[in-house]
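Fold and geometry: a report
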Amino acid sequence: LGWLILLKGALRIFAPEKMIQWMQKIKPQTVRRSCAVFFLLGAGYVYATAGSAKIIIVPTVKKLEFDMNANVSDQFGSIDATFAKVPGQLFMLEKTVSQEFPATGQREVAQKAKGKVTIYNMFNTSPQTLIATTRLESPQGLIFRTLRTITVPGMNGVNPGFVDVEVIADKAGNTYNIAPGRFTVPAFKEKGDTARYQKFYATSTEAMKDGISGIAKVVTEVDFNNAKDAVSEKLREEIKQTLAAEASGLKIAESAPITITSTESTAEVDQAVNMFTVTTKGQLKTMGFKEADIWQLLEQYVLKNYSLVAVKEKLTIDYKEARLNDSRGVLELSLKVAGNGYGQINQQQITTDLLGKGESAIISYLRGAEGVAEARVLLSPFWVKRVPQNSKKVKIQLDYQ
């Protein structure tokens, strides 16, 4: 009635004169009857159309445990369930790791100093062969001998020919641990070949070392083996870290092998040194892949071979083995899968079949539906007794237990 009074007042200001006269003739009881009619019509419409249904289905479950193989390669452009193919990305990593270690053994030692020199030919353009144990003499008169036979190249224009060679002191003791310097070839002088004596010489850029006579630290077999193991482990960790950074979220099977290609040490077992360095080189060649692709392959495999639905949260995959077949350019994966598989639920068919059905018909239908272990139907609001005829108001929720 209040709204009617306000409306009449507004019409006096804005409405034409005839409209104002017509509104003034409307009686309050007429307005009340009209409102009641509209309310009943609206309530009836809401009662008829506001219903919804939520169907909660627990699918049948079956235990699964099986082995599955998959092939990963950068040659594959998409997932192929028939031939178990998955696209991949090739990774090739090489690393070198060095680490210094202390020698822990101790014994009486008579050890000769060692080092490396560069021998130069400033004599002529012809190569000169120097046999193993060729003597080289330091300015202090100390003799070192070459460890292998070498050929010193001839001159190239005004540039001398040269070659590097390792040498060892003629006698044991720390007297031979000398600083870098120049060496002559005394054999040429002894033969009276003054020109060659003057034009053939050697230089060292690092000190001769490890000459010892007396009690000294030595590398034990335990030292040596522990050092190799430690450096190999360090190499593996560095390769794994580098691979993780480069893979950018791709899955790398943990069993992908890291190959140790070489291991070198500056000292051997029983050699007298305070410290020694072990250097290890290694490489890894493998394929990275999206784990989601493996799951998609698994879903298709389970559906094809067991007529079940694979649910990621209900299955585990163990990557038992990853072997790179270089000849094929394929990473061969061996997988072990375990967990639950579930019955297939045709949600669209169930929705269509239940439209308009009452409670007893719903129960009867769901008991016989394929793949259904248990089910509940929630109708709302409270007065709704049937599934709505509008499929958009029907929602199916799958409960994988």
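Owing to the predicted nature of the structure, the values given are computational and were not obtained by experimental measurement.

1. Here we look at the overall build of the protein
- Helix and strand content of the protein: nine helices and 19 strands.
- Looking at the 401 residues of the protein, the share that counts as buried comes to 36%.
- Accessible surface, the protein as shown: approximately 24000 Å² in total, 51% of it carbon and sulfur.

2. Digging into the packing of aromatic side chains
- Counted by the stated rule, this structure contains twelve aromatic pairs.
- Seen in terms of ring centroids, F289 and Y319 are 5.9 Å apart; in terms of plane orientation they differ by 45°. Their pairing is tilted. Residue F289 is found in the loop between β15 (275-288) and α7 (291-306), and its partner Y319 is found in strand β16 (residues 309-325); the two are separated by 30 residues along the sequence.
- Members of the aromatic cluster, connected to one another through ring pairs, are F66, Y301 and Y306.
- One residue, K85, lies across the ring of F83, its end atom 5.6 Å from the ring centre.

3. With respect to the side chain of S265
- Here S265 is to be found in strand β14 (residues 258-265).
- Within the structure, S265 has its side chain in polar contact with the backbone oxygen of A267 (distance 2.6 Å).
- If we skip the residues at most four places from it in the chain, S265 touches F224, F276, T277 and V278.

4. Re the pairing of strand β17 (residues 330-342)
- Along β17, ten of the 13 residues are buried, which leaves the element largely enclosed by surrounding structure.
- Sheet analysis places strand β2 (residues 61-73) next to β17, joined by twelve bridges and oriented antiparallel. Note that in β17 the partner of K63 across the bridge is N340.
- Turn length for the β16-β17 hairpin, with the two strands adjacent in sequence and antiparallel, is four residues, and the turn residue G329 shows positive phi of about 65°.

5. A short note on the sheet that holds β14
- If you walk across this open sheet you meet the three strands as β4-β15-β14, and the pairing is antiparallel. Where the open sheet ends on each side, the last strands, each with one partner, are β4 (89-102) and β14. Within the sheet, the average angular offset between the axes of one strand and its neighbour, ignoring direction, is 15°.
- As paired elements, β4 and β15 share 14 bridges and run antiparallel to each other. Each bridged residue has a counterpart across the sheet, and for K95 the counterpart in β15 is G282.
- Its contacts with the sheet place helix α6 (residues 221-247) against β4, β14 and β15, and it is angled at close to 145° to β4.

6. Some remarks on the environment of I294
- For I294, the location among the structural elements is in helix α7.
- Here I294 falls in the buried class, since its relative accessible area comes to 0%.
- Along the backbone, I294 and A81 are 213 residues apart, and their C-alpha atoms lie at a distance of 10.0 Å.
- Apart from residues no more than four positions distant in its own chain, I294 is found in contact with A70, V86, F289, I317, Y319, L333 and L335.

7. A look at the side chain of S73
- In this fold, S73 is placed in strand β2.
- Here the side chain of S73 touches G329 through a polar contact of 2.9 Å, landing on its backbone oxygen.
- Those residues within four positions of S73 in sequence are excluded, and the remaining contacts are V86, P87, G88, M287, G329 and V330.

8. Some points on the sheet that holds strand β18 (residues 372-380)
- An order of β18-β1-β19 is seen for the three strands of this open sheet, with the pairing classed as mixed. The open sheet has two edge strands, β18 and β19 (394-398), and neither has a second partner. Geometrically, the sheet is characterised by an average inter-axis angle of 20° between neighbouring strands, direction not taken into account.
- Where helix α8 (residues 347-354) meets the sheet, its contacts fall on β1 (52-59) and β19, and the angle it forms with β19 comes to roughly 140°.

Scoring rules and cut-offs
- Residues numbered from 1 in each chain as written.
- Predicted model: local features only at pLDDT ≥ 70, side-chain atom pairs only at ≥ 80, totals over all residues.
- Heavy atoms only, no water.
- Helix = DSSP H or I, 4+ residues; strand = E, 2+ residues; numbered from the N terminus.
- Buried < 20%, exposed > 50% of the residue type's maximum accessible area, 1.4 Å probe, protein only.
- Areas by Shrake-Rupley, 256 points an atom, 1.4 Å probe, with all protein chains shown as cover.
- Phe/Tyr/Trp six-rings, centres within 6.5 Å; stacked < 30°, edge-to-face > 60°.
- Lys NZ or Arg CZ within 6 Å of the ring centre and 35° of its normal.
- Polar contact = N/O pair within 3.5 Å; in protein donor to acceptor, adjacent residues only side chain to side chain.
- Contact = heavy atoms within 4.5 Å.
- Pairing = 2+ DSSP bridges.
- Axes fitted to C-alpha atoms, helices over the stretch in contact; angles between N-to-C directions.

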